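# Architecture and fold: a report
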Amino acid sequence: MRSGGWPLRRLAPLLMLVLALSGCARHAQPDAESTRPVERVLVVGNSLAYLNDLPAHLAAVATALRGAPVEAEMVAAGGRRIARHAADGVVLKEIASGRYRALVLQEWGGGLLCGEQQARLGFDCAASQAAHRQLADAAQARGMRVVILGTPQAIPMIADALAEREAALARALGAAHVDLRTLPARMRTQPQAQWLEPDGHPGPDLTLWMAHDIARALYGDAPLSTPLEIAYRDYRQGATPKADALASAQDIAAQQRVRTIQAEDLARLTAQPPQSP
């Protein structure tokens, strides 16, 4: 028999090739994005989190690692401490909404060092730990994972001491810890990267590293093979969020920016730095 002038025995290999290619296309475009629900992460902190829009970076990296949509919201204000966040009630209300998969907490500056200098600046270590416990308990009761995001420090001795304190708090809470103690080594081995702003706040590349390690704590690690495009708010010109509502719900005159991160650049920035001899 013939079909349209072609023998069926000649059409068969072509049909098999079409079916094989369509199967490849289905695997190249996983249906996870269309069938798996959006997961949301709530970031709670201060200017260390909002300056270069950590939530936007986190959403982009986490979506790539998860293979399905992840959104990140933020409650933050300049200098805001976790105890104040807990007392204000906004974070607890967001947790109670049941909308989130995870809670990320970043404490003020080097507060968790809990030393004399922090006390002189009015930091109450016991109140901080109690507030972390309150927010973590509320989140975990809702089935949320909790992440303690470290505070970057450029001096190795301080970075190590602070990371140890953060890790101890994370263990006590049953939370993951994003450890930033290798920042001094990264600054030494990758001096061209934008680790810090002139005023000491996280630069774009430090923000990207923090986002990557939060996403890895939540969704596991996998090398990315395609570039990441990150649309984010640039708060460096003075427009800042307030902690009385989600940042996304506020009319903030922050400049909108887009950055494209090549897979090899992300791998380089987030790789463990070599140990000092």
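Here's a quick rundown of the structure. Numbering of residues starts from 1 in each chain and follows the order in which that chain's sequence is written. Whole-chain, interface and lining totals are the exception, using all residues; otherwise, since this is a predicted model, local features are given only for residues with pLDDT of at least 70 and side-chain atom pairs are given and counted only at 80 or more. The basis for every side-chain value is the complete set of heavy atoms in the structure, and neither hydrogens nor water enter the calculation.

Our focus in this paragraph is helix α9 (residues 156-173). In DSSP terms, a helix is any run of H or I states spanning at least four residues, a strand is any run of E spanning at least two, and both are numbered starting from the N terminus. Each helix should span, by expectation, one fewer than its residue count multiplied by 1.5 Å. Compared with the 26 Å implied by 1.5 Å per residue over 18 residues, the 26 Å span of α9 between its first and last C-alpha is a close match. Using a 1.4 Å probe on the protein chains alone, a residue whose accessible area is under 20% of its type maximum counts as buried, one over 50% counts as exposed, and one in between counts as partly exposed. Listing the buried residues of α9 in full gives A159, L162, A163, E166, A167, L169, A170 and L173. Taken down its axis, α9 places every buried residue within 165° of arc, on the same side. α9 presents M157 and R171 as exposed residues on the side facing more than 90 degrees away from its buried surface. Residue contacts are defined here by distance: any two heavy atoms, one from each residue, within 4.5 Å place the two residues in contact. The secondary structure elements touched by the buried residues of α9 are α8 (125-141), β6 (145-149), β7 (176-178) and α10 (183-189). Looking one or two residues beyond α9, the residue adopting positive phi is G174, at roughly 70°. The arc in question is the one spanned by the directions pointing from the helix axis to the C-beta atoms.

Attention now goes to the packing of helix α11 (residues 204-219) against helix α12 (residues 263-270). Running from N to C, α11 and α12 point in directions that differ by 85°, and their axes come no closer than 10 Å. Relative to α12, α11 is oriented roughly perpendicular. Residues D205, L208, W209 and H212 of α11 form the contact with α12, whose own contacting residues are L266, L269 and T270. By residue class, the composition of the contact of α11 with α12 is 4 nonpolar, 2 polar and 1 charged. Axis lines are fitted to C-alpha atoms, over the contacting stretch for helices. Their N-to-C directions set the angle, which ranges from 0 to 180 degrees. Throughout this description, any angle smaller than 35 degrees is read as roughly parallel, any larger than 145 degrees as roughly antiparallel, any in the 65 to 115 degree range as roughly perpendicular, and the remainder as oblique. Three classes are used, and their members are as follows: Ala, Val, Leu, Ile, Met, Phe, Trp, Tyr, Cys and Pro are nonpolar, Asp, Glu, Lys and Arg are charged, and the others, Gly among them, are polar.

When DSSP finds at least two bridges between two strands, those strands are taken to pair. Pairing within the open sheet is parallel, and its 5 strands lie in the order β4-β3-β5-β6-β7. With partners counted over all chains shown, the strands left at the sheet margins are β4 (70-76) and β7, one partner each. Pairs of neighbouring strands in the sheet enclose a mean axial angle of 20°, with direction left out of account. Both strand β3 (residues 39-45) and β4 contribute to a ladder of 7 bridges, which runs parallel. In the sheet register, V44 faces β4, and the bridge partner there is V75. α9 rests against β6 and β7 of the sheet, and its axis sits at about 160° to β7. Docked against the sheet, α11 engages β3, β4, β5 (102-105), β6 and β7, running at close to 150° with respect to β6.

Attention now goes to the packing of aromatic side chains. Two rings belonging to Phe, Tyr or Trp (six-membered ring only in the last case) form a pair when the distance between their centres is within 6.5 Å. Interplanar angles under 30 degrees mark stacking, angles over 60 mark edge-to-face geometry, and anything in between is tilted. Using the criterion set out here, one finds 3 aromatic pairs in the structure. Measuring from ring centre to ring centre gives 5.5 Å for Y50 and Y235, while their planes differ by 70°; the resulting arrangement is edge-to-face. With Y50 in helix α3 (residues 47-50) and Y235 in the loop between β8 (228-234) and β9 (255-261), this pair connects stretches of sequence that are 185 residues apart. Taken individually, Y50 and Y235 each receive the classification buried, so the pair is uniform in this respect. With centroids separated by 6.1 Å and ring planes inclined at 80°, the aromatic side chains of W195 and W209 adopt a geometry described as edge-to-face. One end of the pair, W195, is in the loop between α10 and α11; the other, W209, is in helix α11, with 14 residues separating them in the sequence. The same class applies to W195 as to W209, namely buried. Criterion for a charge above a ring: Lys NZ or Arg CZ within 6 Å of the ring centre, and within 35 degrees of the ring normal. The side chain of R81 reaches across the aromatic face of W108, ending 4.1 Å from its centre. One residue, R186, lies across the ring of W209, its end atom 3.9 Å from the ring centre.

Let us now look at a nonpolar patch on the surface. Patches here are clusters of residues that have more than 30% relative accessible area and form no salt bridge, with a 9 Å joining cutoff for like charges and a 5 Å cutoff for nonpolar side chains (Val, Leu, Ile, Met, Phe, Trp, Tyr). Computed with the Shrake-Rupley method and a 1.4 Å probe, the accessible areas treat only the protein chains shown as cover for residues. Salt bridge criterion: a side-chain nitrogen from Lys or Arg within 4 Å of a carboxyl oxygen from Asp or Glu. A grouping of I155, M157 and I158 is seen on the molecular surface, where their side chains present a nonpolar patch of about 310 Å² in accessible area. Tracing the backbone through its elements, the reader meets M157 in helix α9. What makes M157 exposed here is its relative accessible area of 70%.

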